[in-house]
Every structure is written in structure tokens, then in C-alpha cells.
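Chain and residue survey
Given next are the chains, with one letter for each unit.
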Amino acid sequence: MDFEKRAEGLKGTVGVYFRDLRTGDTKGLLQDREFHPASIIKLPVVMAIYKMAAEGKADLDEKLKVTYEKRVPSCGAFNAFTDEPVVDIRTLCNLTITISDNTGANLLIDHYGIETLNGQFREMGLKKTHLERLFYDDAMQEKGYNNKAVPEEIGFLLEQIYRGEFVSRQVSDAIWDILEQQQDRAGIPAYLEEEAPVGNKTGGARGITADAALVKGDFPFVLVILFNETYVPEADEWMRHLARDIFEELKHGSRI
């Protein structure tokens, strides 16, 4: 399957990373390039926190207050609260992945610190994926600070989860359980959910759409797709069909 040829005519730039988890066959398109990831960056953030918790450097039961001044727009639940709830770290992690809660993500990043989390990213094997700012930090964005993610590095994390090698089998399974509860299934999982279990993390902003998925079952694979400066509806449809076509090829014994 020629990813570059399939991407011809699409607006913007797309990075793709695919890995067949049975054979180790790997294929990509700009898979080692840094992309503006939107909410994809929340996956390594949450994984870093679970790693720290396993090492005794964080407490998932610790509670943070969601104050009015910490709330930011767009996806998430906290803007609907009429009070200032006190929420544990575990719940914030769940919300950061399953409904891509921006306020929850910012609370976590603020609490542990960008420098600490980037240090954890490096310990996790990420060389170029990193944080530079909070979500909806317009001042930092105007100065040119943007979070970055690399498709093959996000794929590496997903493979570790599949193999139970992210910290431990217990921690890997805990992250998988969160990913499987992801509520935005309109990307990679859209045409696969009746065929196999899928855990994923999406990302989206103006001109950006992305999805990173671990597909289990009889034909397990990792697929990470990041679009920048694109026409989102067209890119999303391309993403759905690519995932489905990959699954069908694997199902029929073909190599991608």
C-alpha cells in the first residue's frame, strides 16, 4: 500500500505510521517528522503520569481543585460545572483521554510541570515529541511555542501498551482501558469497531486532525495519522478509509 500515492491531492501535510504487531512490518509517510499534534499530545502526558505513579513520584488519588480561572474552552466537561469541583488525578487522566478535556489536561500539565513531563517523555523513549505550552495559551502560541508529536514515537508508545512493556503489564493495561473508553470514534475506529477492539486518542484544531490507534484482535496493528494545514472533513474521511483498507489487507493475508 502506497501511503504517499493515496495522499496525493489532499490539502496540507500528513504523517502516517503503521506497524503490524504480528510480523513487525512497518510502513510510514513522514513518520519521523514533528507535527502540531493538537490533543494527541495528551496521550504521552497521561502515560507519563501513570509511569510516575508506578515509580512513587505521583499519586493518582491526589486531588486538585478545578477553579473557574483554570477553565479553558472547547472539549471537556468542566465548563458545565456550576461549582469548583475537587477531582483526583486518576479522574483527570481519564477525562483527558476519553473526552479530551482541555481543562483537565492543563491542570495535569500545570501540576507536574512541562519540564518534568518532558523529562518523563525522554525516559519513555520519545526523542522529539514534547510539550511547549498549555492548551489555549494564546500568549505562548503567539510567540511561536507549540507542542510537537512524531507519528512513529506515538506508535512506539502504543506498541508498548500492546506488549505490556510500558512500565509493566498492569500499567499498560490501565492505559489501554482508558483508550478503549475514548468517546470520539469518528477517525480510525469508525469502520473497525465491529471487527476488533480499538483504543485511540484523537486530536483536532483548525486545520489539524489526528488519530492514534491500537487495534487488537486477530490482526493487531498500530496506526498513527497526523494532518497539519488540511481540510479536516476530507482528511477525516481519508483516515477512516485508510484504516479500513489496512484492516482488510491484513485480514486477507496481504502485506501492507
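Residue positions are given per chain, counting from 1 as you read along its sequence in written order. Restriction of local features to residues with pLDDT of at least 70 applies here, the model being predicted, together with a cutoff of 80 or more for giving and counting side-chain atom pairs; totals for whole chains, interfaces and linings are based on all residues. For side-chain calculations, the full set of non-hydrogen atoms in the structure is used, while hydrogens and water are omitted.

1. Quick look at the overall build of the protein chain
- Of regular secondary structure, the protein chain possesses nine helices and seven strands.
- Relative to a compact globule of 256 residues, whose C-alpha radius of gyration would be 18 Å, the protein chain shows 18 Å and is just as compact.
- With respect to the three principal axes, the spread of C-alpha positions in the protein chain is 50 × 40 × 35 Å.
- We call a residue buried when its accessible area falls under 20% of the maximum for its residue type, exposed when it is over 50%, and partly exposed in between, using a 1.4 Å probe and counting protein chains only. The buried share of the protein chain, taken over its 256 residues, is 52%.
- For the protein chain, the proportion of contacts with a sequence separation of at least 24, taken over those separated by at least 6, is 63%.
- To measure how exposed things are, a 1.4 Å probe is used in the Shrake-Rupley method; for residues, cover is taken only from the protein chains shown. For the protein chain, the accessible area works out to roughly 11400 Å², and carbon and sulfur atoms hold 44% of it.
- A distance of 2 Å separates the average location of the 31 positive side-chain charges in the protein chain from that of its 43 negative side-chain charges. The secondary structure listing takes helices from DSSP runs of H or I that are at least 4 residues long and strands from runs of E that are at least 2 residues long, numbered from the N terminus. Atoms considered for the radius of gyration are the C-alpha atoms alone. The globule rule reads 2.2 Å times the number of residues to the power 0.38. Here, residues are in contact when the closest pair of their heavy atoms is within 4.5 Å. By the counting scheme adopted, Arg and Lys are positive, Glu and Asp are negative, and His together with the chain ends is not counted. By convention, the charge on Lys lies at NZ, on Arg at CZ, on Asp at CG and on Glu at CD.

2. A word on the pattern of salt bridges
- Between Lys or Arg on one side and Asp or Glu on the other, a salt bridge is scored when a side-chain nitrogen of the former is within 4 Å of a carboxyl oxygen of the latter. Going through the model one piece at a time under the given rule, you end up with 18 salt bridges.
- Note that Lys-57 is salt-bridged to Glu-55, the shortest N-O span being 3.4 Å.
- Residue classification places Lys-57 among the exposed residues on the basis of a relative accessible area of 52%.
- Taken together, the salt bridges that share partners define one network made up of Lys-51, Glu-55, Lys-57 and Glu-123.

3. Quick look at the side chain of Gln-182
- Tracing the backbone shows Gln-182 in the loop between α8 (169–180) and β5 (198–205).
- In contact with Gln-182, not counting residues within four places along its chain, are Ile-97, Thr-98, Asn-200, Lys-201 and Thr-202.

4. Some words on the packing of helix α2 (residues 42–54) against α8
- Look at α2 against α8: their axes get within 10 Å of each other, and the N-to-C directions meet at 145°. α8 is crossed by α2, and the crossing has right-handed handedness. Counting all contacts with α2, which are made through Leu-43, Val-46, Met-47, Tyr-50 and Ala-54, the residues of α8 involved are Val-171, Ala-174, Ile-175, Ile-178 and Leu-179. A fitted line through C-alpha atoms serves as each axis, taken over the contacting stretch for helices, and the angle formed by two N-to-C directions is quoted from 0 to 180°. Crossings are assigned a handedness: left-handed for a near helix turned anticlockwise from the far helix by less than a right angle, right-handed for a clockwise turn.

5. Some details on the packing of aromatic side chains
- Aromatic pairs are defined between Phe, Tyr and Trp rings, using the six-membered ring for Trp, whenever the two ring centres lie within 6.5 Å; interplanar angles under 30 degrees are classed as stacked, those over 60 as edge-to-face, and all others as tilted. In the structure shown here, the tally under the stated rule is four aromatic pairs.
- Ring geometry for Phe-219 versus Phe-247: centroids 6.0 Å apart, planes at 90°, classification edge-to-face. One end of the pair, Phe-219, is in the loop between β6 (208–215) and β7 (221–228); the other, Phe-247, is in helix α9 (residues 232–251), with 28 residues separating them in the sequence. Both residues of the pair, Phe-219 and Phe-247, belong to the buried class.
- Look at Phe-227 and Trp-238: their rings are 5.5 Å apart centre to centre, the planes differ by 90°, and that puts the pair in the edge-to-face class. Taken as a pair, Phe-227 in strand β7 and Trp-238 in helix α9 lie far apart in primary sequence, 11 residues in all. Across the pair, exposure class does not vary: Phe-227 and Trp-238 are buried alike.
- Remark: a charge is flagged as sitting over a ring if the NZ atom of Lys or the CZ atom of Arg is within 6 Å of the ring centre and within 35 degrees of the ring normal. Seen from the ring of Phe-3, Lys-27 lies directly overhead, with NZ or CZ sitting 5.8 Å from the centre.
- In this structure, Lys-216 is placed above the aromatic ring of Trp-176, and the distance from its NZ or CZ to the ring centre is 4.0 Å.

6. Here we look at the sheet that holds β6
- Two strands make a pair as long as DSSP finds a minimum of two bridges between them. Taken in spatial order, the five strands of this open sheet run β2-β1-β7-β6-β5, and their pairing is antiparallel. Looking at the sheet topology across the chains shown, the edges are occupied by β2 (26–29) and β5. Within the sheet, the average angular offset between the axes of one strand and its neighbour, ignoring direction, is 5°.
- Taken together, the eight bridges between β5 and β6 define a ladder with antiparallel strand orientation. Looking at the pairing, Thr-202 lines up with Asp-211 of β6.
- In this fold α8 packs onto β5 and β6, with an angle of close to 60° to the strand it touches most, β5.

7. Section: the pairing of strand β1 (residues 13–20)
- A large share of β1 lies buried, amounting to six of its eight residues.
- One ladder, built from eight bridges, connects β1 with β7; its direction is antiparallel. Bridging across to β7, Arg-19 finds its partner in Val-222.
- Linkage of β1 to β2, two consecutive antiparallel strands, is achieved through a turn of five residues, within which Gly-24 is found at a positive phi near 85°.

8. Overview of the environment of Ala-139
- Tracing the chain through its elements places Ala-139 in helix α6 (residues 138–142).
- Residue classification places Ala-139 among the partly exposed residues on the basis of a relative accessible area of 44%.
- The spacing of Ala-139 and Tyr-50 is 89 residues in sequence and 30 Å in space, taken between C-alpha atoms.

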